[in-house]
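Results of the structural survey
Here is how the chains run, residue by residue.
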Amino acid sequence: MYPMIIIVLFVYFTALYFLAQKKANASILDIAWGAGFVLVAWISLFPEVTLVRGWTTLLVTIWGCRLTYHIYKRNVGRPEDFRYQKFRQDWGKNYALRSYIQLFLGQGLFLYLIAQGYLYINTYGVLKNPALMFLGVLVWILGFVFESVGDAQLKAFIRNPANKGKIMDEGLWKYTRHPNYFGEATMWWGIFLIALSAQAPWYTIISPLTITTLVRFVSGVPLLEKSFKDMPGFQEYSERTSIFIPWFPKKK
């Protein structure tokens, strides 16, 4: 347990809740997700900074800042995301309380679970296996490339008016229907390997398992697959393209 981190996350997500209530827009949660990891990373880093702690904090910061900026640019000036609008409709008069507990505090709990690997590194970790740390960094880089390049490719595709109503099946999207989600999960498996290089206990595997489960089976892939299922060309695209782990497309 990391009591100070729990308090920080409670205050952070409670403040976000009141801000979301004021703006009547819960999409701020998506923007604040990556920034929350950066906040926790830097709070847990001091007072002692070592090679493995510094590297891990740097990786989390790069990922979190890029994701926060990307989602902010995508959401700024737009209405509340359809997921939160549906929650408002479904929960009715109970929305205020349920959103605080299930959405805001719930996201704080998930962040805490996913952060276990680097929390251990920054609190107790002593590098014992440099080769394993190097492997973890390489895995993280692979994930970062998939997430950042996948996002950039999709953004460029959407910006082109000629692509309106079409399915994105180019670049990394040719090999996986969700390269950004695959990349995010992969980065946390990289962090887990770095944690193991610093003698982290077995339970820190909850970090990559949690984020992989969330993006693959809960809030990421399933929601997007459902929203695209009736889109022209999606059925054909889904039949030839891997849903998550990149692989060569099936031949017609």
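Cut-offs used in this document
Residues numbered from 1 in each chain as written. Predicted model: local features only at pLDDT ≥ 70, side-chain atom pairs only at ≥ 80, totals over all residues. Heavy atoms only, no water. Axes fitted to C-alpha atoms, helices over the stretch in contact; angles between N-to-C directions. Helix = DSSP H or I, 4+ residues; strand = E, 2+ residues; numbered from the N terminus. Parallel < 35°, antiparallel > 145°, perpendicular 65-115°, else oblique. Left-handed = near helix turned anticlockwise from the far one by under 90°. Contact = heavy atoms within 4.5 Å. Nonpolar A, V, L, I, M, F, W, Y, C, P; charged D, E, K, R; others polar. Bend = angle between axes of the 7 residues up to and from the residue. Buried < 20%, exposed > 50% of the residue type's maximum accessible area, 1.4 Å probe, protein only. Polar contact = N/O pair within 3.5 Å; in protein donor to acceptor, adjacent residues only side chain to side chain. Phe/Tyr/Trp six-rings, centres within 6.5 Å; stacked < 30°, edge-to-face > 60°. pLDDT = per-residue confidence, 0-100. Core = buried A, V, L, I, M, F, W, Y, C linked by side-chain atoms within 4.5 Å.

The next thing to look at is the packing of helix H2 (residues 28–45) against helix H5 (residues 95–114). Where H2 contacts H5, the two axes come as close as 11 Å, and the packing angle between them is 40 degrees. As far as their axial angle goes, H5 and H2 are oblique. The handedness of the crossing between H2 and H5 comes out as right-handed. Where H2 approaches H5, its residues Leu29, Trp33, Gly36, Phe37 and Val40 are matched on the opposing element by Leu103, Phe104, Gln107, Phe110, Leu111 and Ile114. In the contact of H2 with H5, the residues fall into 9 nonpolar, 2 polar and no charged.

A word on H5. The principal kink in H5, of about 30 degrees, is found at Gly106. Along H5, the residues that are buried comprise Tyr95, Ser99, Tyr100, Leu103, Phe104, Gly106, Gln107, Gly108, Leu111, Tyr112 and Ile114. For H5, the secondary structure elements touched by its buried residues are helix H1 (3–23), H2, helix H4 (82–91), helix H6 (116–123), helix H8 (179–197) and helix H9 (206–218).

Now for the side chain of Arg177. One can find Arg177 in the loop between helix H7 (130–159) and H8. On the basis of relative accessible area, Arg177 is assigned to the buried category, the value being 9%. In this structure the side chain of Arg177 is engaged in a polar contact, spanning 3.0 Å, whose partner is the backbone oxygen of Ser238. For Arg177, the side chain forms a polar contact with the main-chain oxygen of Thr241, separated by 2.7 Å. Sequence-distant contacts of Arg177, that is, excluding residues within four places in its chain, are made with Glu225, Phe234, Tyr237, Ser238, Thr241, Ser242 and Ile243.

Once that is clear, we can look at unusual backbone geometry. Glycine aside, negative phi is the norm for most residues, and most peptide bonds take the trans geometry. In this structure, the amide linkage connecting Phe46 to the following residue, Pro47, adopts the cis form with an omega of 15 degrees. With respect to the helices, strands and loops of the structure, Pro47 is situated in the loop between H2 and helix H3 (51–75). A positive phi angle is found at Ala24, which is not glycine, with a value near 55 degrees. Overall, Ala24 belongs to the partly exposed group, its relative accessible area being 46%.

This part is about the packing of aromatic side chains. Counted according to the given criterion, the structure contains 24 aromatic pairs. Aromatic pair Tyr17 and Phe18: ring centres 5.4 Å apart, planes at 70 degrees, arrangement edge-to-face. Overall, Phe18 belongs to the exposed group, its relative accessible area being 55%. Between Trp42 and Phe46, the ring centres sit 6.1 Å apart and the planes meet at 35 degrees, which makes this aromatic pair tilted. The exposure class assigned to Trp42 is partly exposed, which follows from its relative accessible area of 39%. With relative accessibility at 49%, the residue Phe46 sits in the partly exposed group. Members of the aromatic cluster, each reached through a chain of ring pairs, are Trp33, Phe37, Trp63, Tyr118 and Trp188.

Time to look at the confidence of the model for the protein chain. Mean pLDDT over the protein chain stands at 94; residues scoring 70 or higher make up 99%. Helix H10 (residues 221–228) is the least confidently modelled element of the protein chain, averaging 90 in pLDDT, while H8 averages 98, the highest of any element.

Another aspect to go through is the nonpolar core. If you look at the biggest cluster of nonpolar residues, it comprises 56 residues, and the most contacted ones within it are Phe37, Phe104, Tyr118 and Trp188. Residues contacting Trp188, with those up to four places away along its chain left out, are Phe37, Val60, Trp63, Ile114, Tyr118, Ser207, Pro208 and Ile211. Among the nonpolar cores identified, the runner-up in size contains 6 residues, and Phe157, Ile167, Trp173 and Phe234 belong to it.

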